[in-house]
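Listed here are the chains, written in short residue letters.
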Amino acid sequence: MKTFNIGLIGCGFMGKTHTFGYKTIPLYYENLPFKINLKTLCASSEKSAREGADRLGYENFTDNFYDIVNDDSIDIVDICTPNFLHAEEVFAAMKAKKHIYCDKPLTVLLSDAEKIADMEKNYEKCTQITFQNRFYPATMLAKKMIDQGKIGNILTFEAKFLHSGSIDKNKPIGWKLDEKKGGGGVIVDLGSHVIDLMHHLLGDYKDIFCKTKILYPTRPDKNGNMVKITAEDEAHALVTMKNGANGTMTISKIATGTNDELSFEIYGDKGALKFNLMDANYLYYFDNTQKEEVFGGERGFKKIECVQRFDAPAGIFPSSKSSIGWLRGHVHCLYNFLNSVYENKKSAPNFKDGAYVNYIMDLMYKSAKENKTIDCK
């Protein structure tokens, strides 16, 4: 049986998340045709790498990611570092001809993302970017129903990703509020997910008008020093898709009272769909072909039980009727990649998809700066 040796670069929050996936995939998916071995973990210092490897269960550790990409025994390079490090790591992993699983966004600079996507065209190994919100049964069902024409021609939509983590002006900033390290603000951190999911469900973008907001001009760093903030806390975009649908996208880390609220409402001439990550067990569907009757009949939004009804070999453990959670989308996203590696086929969302998200994010920033609608290619 094939064993995939994993080299993980970055052992912060996302490193833990991806490691959770590697450790639990044999439980969620029975009779796998491959095994997973946590080979080497890389962190920013030898101390944190050693502690991370011991805590997470990796055989080896290093503070130099080239030790991973240049190790012939490692099959898969998993990139979970801050955004500004992605480009060098992806280029190095591609040069070493590794299978690559990379957290979003693909890169900070659009030029790097486009170069990577161009290299991917003739790349023989498997590549995938972590857009895990495609991989809940509810969002997978939404994609299926839209493709089947269940809601007809898309007329309009509304998509949101709301957090409240940046409301506190005294909270020390992390690298995600450092524009140089993050590549931007909330558009990059949360907006990338919204951009990808709407692109996945509805197709290409036609034009974009965007407004952004910085709540506090200065915030404290980890040492208590006040630093100037250039990364946006909030963004609002009015977009038109190439299928003719008009929509709005709201992305915020200053939405008081919210937790991790990714949601969408999509309205077509034959029906409508609604989803909220805080209610991820269900997809809501309105069938506009049903006739209005006395007392309403059966017309109205239907609450579809998606829970954990994945295709086999998933859906066995835990029960397909068990409540789903945030981590489960990550696990299925990672399984999709590993299964593609095993079957020697292309995976999605790939680096081309990631580069497209980089492109749309750039247009949003351009629109906000120039205060005008920007056309997409």
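Residues numbered from 1 in each chain as written. Predicted model: local features only at pLDDT ≥ 70, side-chain atom pairs only at ≥ 80, totals over all residues. Heavy atoms only, no water.

Caption draft 1: The arrangement of the overall build of the protein in detail. Along the backbone of the protein there are 10 helices and 17 strands. For 377 residues, the compact-globule estimate of 2.2 N^0.38 gives 21 Å, and the C-alpha radius of gyration of the protein, at 21 Å, lies within 12% of that figure. Projected onto its principal axes, the C-alpha coordinates of the protein cover approximately 70 × 55 × 40 Å. Buried positions account for 52% of the 377 residues belonging to the protein. In the protein, 69% of the contacts between residues at least 6 apart in sequence involve partners at least 24 apart. (Helix = DSSP H or I, 4+ residues; strand = E, 2+ residues; numbered from the N terminus. Rg over C-alpha atoms; globule rule 2.2 N^0.38 Å. Buried < 20%, exposed > 50% of the residue type's maximum accessible area, 1.4 Å probe, protein only. Contact = heavy atoms within 4.5 Å.)

Caption draft 2: Main features of the sheet that holds strand E1 (residues 2–9). Strand order in the open sheet made by the six strands is E3-E2-E1-E4-E5-E6, with parallel pairing throughout. Two strands bound the open sheet, and with one partner strand each, they are strand E3 (60–62) and strand E6 (127–130). Strand-to-strand, the axes of this sheet are offset by a mean angle of 25°, without reference to chain direction. Pairing of E1 with strand E2 (residues 34–42), which is carried by eight bridges, proceeds in the parallel orientation. Considered in E2, the bridge of Thr-3 is made with Lys-35. Where helix H4 (residues 86–95) meets the sheet, it contacts E1, strand E4 (76–79) and strand E5 (99–103), and its direction lies at approximately 170° from that of E5. (Pairing = 2+ DSSP bridges. Axes fitted to C-alpha atoms, helices over the stretch in contact; angles between N-to-C directions.)

Caption draft 3: Here's a closer look at the packing of H4 against helix H5 (residues 110–120). Contact geometry of H4 with H5 gives a least axis separation of 11 Å together with a crossing angle of 15°. With respect to H5, the element H4 is oriented roughly parallel. Considering the relative orientation of H4 and H5, their crossing is left-handed. Residues Ala-87, Val-90, Phe-91 and Met-94 of H4 lie in contact with H5, whose contacting residues are Asp-112, Lys-115, Ile-116, Met-119 and Glu-120. Looking at side-chain class alone, the contact of H4 with H5 contains six nonpolar, no polar and three charged residues. (Parallel < 35°, antiparallel > 145°, perpendicular 65-115°, else oblique. Left-handed = near helix turned anticlockwise from the far one by under 90°. Nonpolar A, V, L, I, M, F, W, Y, C, P; charged D, E, K, R; others polar.)

Caption draft 4: Quick look at the packing of helix H1 (residues 13–28) against helix H9 (residues 326–343). Relative to each other, H1 and H9 sit at 70°, their axes nearing to 9 Å. In terms of orientation, H1 and H9 fall into the roughly perpendicular class. Two secondary-structure elements touch here, H1 through Phe-13, Met-14, Thr-17, His-18, Phe-20, Gly-21, Tyr-22, Thr-24, Ile-25 and Tyr-28 and H9 through Trp-326, Leu-327, Arg-328, His-330, Val-331, Leu-334, Tyr-335 and Leu-338. Here the residues of the contact of H1 with H9 are counted per class, giving 12 nonpolar, five polar and one charged.

Caption draft 5: Summary view of the packing of aromatic side chains. Within the structure shown, the criterion is met by 11 aromatic pairs. Their ring planes at 35° and their centres at 5.1 Å tell us that Tyr-101 and Phe-337 sit as a pair that is tilted. Highlighted residues: Tyr-101 in strand E5 and Phe-337 in helix H9, separated in sequence by 236 residues. Side by side, Tyr-101 and Phe-337 carry an identical accessibility label, which is buried. (Phe/Tyr/Trp six-rings, centres within 6.5 Å; stacked < 30°, edge-to-face > 60°.)

Caption draft 6: Fine view of the pattern of salt bridges. Per the counting criterion, the structure on display carries 16 salt bridges. The residue Asp-189 makes a salt bridge to Lys-104 at a minimum N-O spacing of 3.2 Å. Of this pair, Asp-189 sits in helix H8 (residues 186–202) while Lys-104 sits in the loop between E5 and H5, and the two are 85 residues apart along the sequence. On the basis of relative accessibility, which here comes to 10%, the residue Asp-189 falls in the buried class. Each of Lys-104, Lys-176, Asp-189 and Lys-253 takes part in a single network of salt bridges with overlapping partners. (Salt bridge = Lys/Arg side-chain N within 4 Å of Asp/Glu carboxyl O.)

Caption draft 7: Molecular detail of the nonpolar core. Formed by 107 residues in total, the largest nonpolar core has its most connected members in Met-198, Tyr-205, Met-249, Ile-360 and Met-364. A total of 10 residues in this core trace back to one element, the largest contributor, which is H8. (Core = buried A, V, L, I, M, F, W, Y, C linked by side-chain atoms within 4.5 Å.)

Caption draft 8: Up close: the state of the cysteines. Across all of its chains, the model carries zero disulfides by this definition. In this model Cys-102 remains outside any disulfide bridge; the closest cysteine sulfur is found in Cys-80, 8.2 Å from its own. (Disulfide = S-S within 2.5 Å.)

Caption draft 9: How the structure looks around the sheet that holds strand E11 (residues 234–241). The mixed open sheet is built from nine strands, whose spatial order is E16-E15-E14-E13-E7-E12-E11-E8-E17. Each edge of the open sheet is held by one strand with a lone partner, namely strand E16 (301–305) and strand E17 (374–375). Bridge count for strand E14 (residues 271–276) against strand E15 (residues 282–287) is four bridges, and the pairing is antiparallel. Bridging from a neighbouring strand, Leu-273 pairs with Tyr-285 of E15.

Caption draft 10: Summary view of helix H6 (residues 137–147). Within the sequence span of H6, burial applies to Pro-137, Ala-138, Thr-139, Ala-142, Met-145 and Ile-146. Tucked into the core, H6 has its buried residues touching H8, strand E13 (261–268), E14, E15 and E16. Count one or two residues on from H6 and you reach Gly-149, which has phi positive near 80°.

Caption draft 11: Molecular detail of unusual backbone geometry. Residue Pro-313 is bonded to the preceding Ala-312 through a cis peptide linkage, with omega at 10°. Checked against the element boundaries, Pro-313 lands in the loop between E16 and H9. Omega for the peptide link from Ala-348 to Pro-349 comes to 5°, which places this bond in the cis form. Despite not being glycine, Lys-97 shows a phi value in the positive range, around 60°. If you trace the backbone, Lys-97 turns up in the loop between H4 and E5. One non-glycine residue, Asn-344, lies in the positive phi region at around 55°. Here Asn-344 is to be found in the loop between H9 and helix H10 (351–370). The exposure class of Asn-344 is exposed, given its relative accessible area of 63%.

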